[in-house]
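Each chain, written out:
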Amino acid sequence: VKNVPFKNIGPTIMSGRVVDLDVNPENPSEFYVAYASGGLWHTKNNGTSFMPVLDSSPTQNIGDIAVDWKS
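So, here is what we can say about the structure in this document. (Residues numbered from 1 in each chain as written. Predicted model: local features only at pLDDT ≥ 70, side-chain atom pairs only at ≥ 80, totals over all residues. Heavy atoms only, no water.)

## Let's talk about the sheet that holds strand 4 (residues 51–52)
And then number 1: Strands sit in the order 1-2-3-4 across an open sheet of four strands; the sheet is antiparallel. Both outer strands of the open sheet, strand 1 (18–23) and strand 4, are each paired with one neighbouring strand and no more.
And then number 2: Here strand 1 runs beside strand 2 (residues 31–35); their pairing, made up of five bridges, is antiparallel. Bridged to Val23 within strand 2 is Phe31. (Pairing = 2+ DSSP bridges. Helix = DSSP H or I, 4+ residues; strand = E, 2+ residues; numbered from the N terminus.)

## Focus on the nonpolar core
And then number 1: Membership of the largest hydrophobic core is limited to six residues, which are Tyr32, Ala34, Leu40, Leu54, Ile62 and Ile65.
And then number 2: When residues no more than four places from it in sequence are discounted, the contact partners of Tyr32 are Asp20, Leu21, Asp22, Leu40, Trp41, His42, Val53, Ile65, Val67 and Trp69.
And then number 3: Residues Phe31, Tyr35, Trp41 and Phe50 belong to the second largest nonpolar core, which totals five residues. (Core = buried A, V, L, I, M, F, W, Y, C linked by side-chain atoms within 4.5 Å. Buried < 20%, exposed > 50% of the residue type's maximum accessible area, 1.4 Å probe, protein only. Contact = heavy atoms within 4.5 Å.)

## Here's the deal with a nonpolar patch on the surface
And then number 1: Residues Val18, Leu21 and Val23 make up a contiguous nonpolar surface patch of roughly 240 Å² in combined accessible area.
And then number 2: In this structure, Val18 sits in strand 1.
And then number 3: We classify Val18 as partly exposed; its relative accessible area is 47%. (Patch = residues over 30% accessible without salt bridge, like charges linked within 9 Å, V, L, I, M, F, W, Y side chains within 5 Å. Areas by Shrake-Rupley, 256 points an atom, 1.4 Å probe, with all protein chains shown as cover. Salt bridge = Lys/Arg side-chain N within 4 Å of Asp/Glu carboxyl O.)

Next up, the structure:
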């Protein structure tokens, strides 16, 4: 894989390190990404596009996320 070029396609608005990632076990192209610097992002198309989840929340600080994929 050393000759495979990598391209950043994730959320470009938020910066910082990823603190958690939760993937739908029934649909691996759907997942949430949480950033330490703030922001929770959701994708249903394997990261081609992301939707912000916490844009209107009083805080965006995240340490960990858990998803109940059944509901």
